[in-house]
Amino acid sequence: MTNHTLTVSAPGKLMLFGEHAVLYGKPCIVTAVDQRIRLKAKIINREIINISAPQVGIKKYTIKVSDLGKVEYPKGVKFLLKAVEIFFKKYKVGSGLDLETKSEFSSLFGFGSSSAVTVCAVKALSKLFDIEVDNKSLFDIAYQTVLSVQGVGSGFDLAAAIWGGTIFFENGGKKIEPINVNNLPIVVGYSGIKADTATLVKRVAGLHKKEREKADKIFNSIEKIVKQAKLALEDTNYFKLGELMDQNHTLLQKLAVSIPRLDSMAVSAKEAGAFGAKLSGAGGGDCMIALTPDKSVRKVKKAIKNAGGVVLNVKFNAEGVKITYDKSKNES
Ligand code: MEV
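Let us look at the structure shown here. (Residues numbered from 1 in each chain as written. Predicted model: local features only at pLDDT ≥ 70, side-chain atom pairs only at ≥ 80, totals over all residues. Heavy atoms only, no water.)

The next thing to look at is the layout of surface pockets. In this model, the largest pocket occupies a volume close to 1,300 Å³. Elements with a minimum of two residues in the lining of the largest pocket: β1 (5-17), α1 (78-91), α2 (113-128), α3 (135-150), α4 (156-163) and α5 (197-210). At 4 residues, α2 tops the list of elements feeding residues into the lining of the largest pocket. Of the residues belonging to the lining of the largest pocket, the class tally is 22 nonpolar, 18 polar and 8 charged. Lining the second largest pocket are 16 residues, with Leu184, Ile186, Val187, Val314 and Phe316 positioned closest to its centre. A total of 3 residues in the lining of the second largest pocket trace back to one element, the largest contributor, which is strand β8 (residues 186-190). In terms of residue class, the lining of the second largest pocket is made up of 9 nonpolar, 3 polar and 4 charged. (1 Å grid on protein atoms, 1.4 Å probe; cavity = no way out; pocket = protein on both sides within 12 Å on 5 of 7 lines; lining within 4 Å. Points joined across faces, edges and corners; volume = space filled by probe spheres on them. Helix = DSSP H or I, 4+ residues; strand = E, 2+ residues; numbered from the N terminus. Nonpolar A, V, L, I, M, F, W, Y, C, P; charged D, E, K, R; others polar.)

Here we take up the packing of α2 against α4. Here α2 crosses α4 at 50 degrees, and the two axes come no closer than 9 Å. Accordingly, the angle class assigned to the pair α2 and α4 is oblique. Both α2 and α4 take part in a crossing whose hand is right-handed. On α4, the residues touching Ser115, Ala116 and Val119 of α2 are Asp157, Leu158, Ala161 and Ile162. A breakdown of the residues in the contact of α2 with α4 according to their chemical character gives 5 nonpolar, 1 polar and 1 charged. (Axes fitted to C-alpha atoms, helices over the stretch in contact; angles between N-to-C directions. Parallel < 35°, antiparallel > 145°, perpendicular 65-115°, else oblique. Left-handed = near helix turned anticlockwise from the far one by under 90°. Contact = heavy atoms within 4.5 Å.)

Encoded structure:
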């Protein structure tokens, strides 16, 4: 057991439709992106956990196994350690570990690095301790981890990291349905501004408290858009999808979560020939997406850059969590 070394990887995500409303019982659509987080994990003989996570500025952090759940974890590795703590407690196991994370994308983009790391951790531990954990249980443990670290979240990003592909999702994993998507000709623009999801979620909650009727009306309209978008995705109806993206963006503006940079990136993309464009995620920064016909891709990319954005080269519908290396398995 002590020589068992594993590498697990999970994809990041982009929200296609339904952000914020998903926290109020409405569905959303998320796709997994081909940029992944990797976790190398190994059981060691000492009762300590060593973590190296250079992408979040942690070269080496060590904690005693017996201190899990008793001390404040450093910011960059909170999700990882919380996942270990919850897993050890749930399955009544424990051991020293070497954990090393690497990311193919910056945590600034809003691709869901914390969720992908959490999913990798639970998957790796289930293999290392030889415990059968199906995808739904993996989701539940990862969701418990995310809620206990950040208090809020629908878990849509965890579903993308676990199942991959493109998913029709309901809050807390009440519904997790794969959508059959052929191709998603989407250009992604990063606004250059880091969004603070918790602040934006609070802002929407404030609106929902103060002007409940108005907020509920917006959430209901988003729900209709999400349901139509599912059909349009299955039918590869890009004209319809583009229209729905524009409508979804307008509703997010009404929720006061967009910012001028995201608005102008979306407008510029449209003017350059995109079928439709919207912000993706919490708003306030991070990314926007523009559904773009092949013939307009170059123009749309240029327009996004001119509006102050950075074009990110990502592909969608990526594979969910997987074990990419397993030493003891290779040897047996
Ligand atoms: C953030 O990317 C999307 C939100 O809907 C939050 C969530 O669903 O966890 C704002």
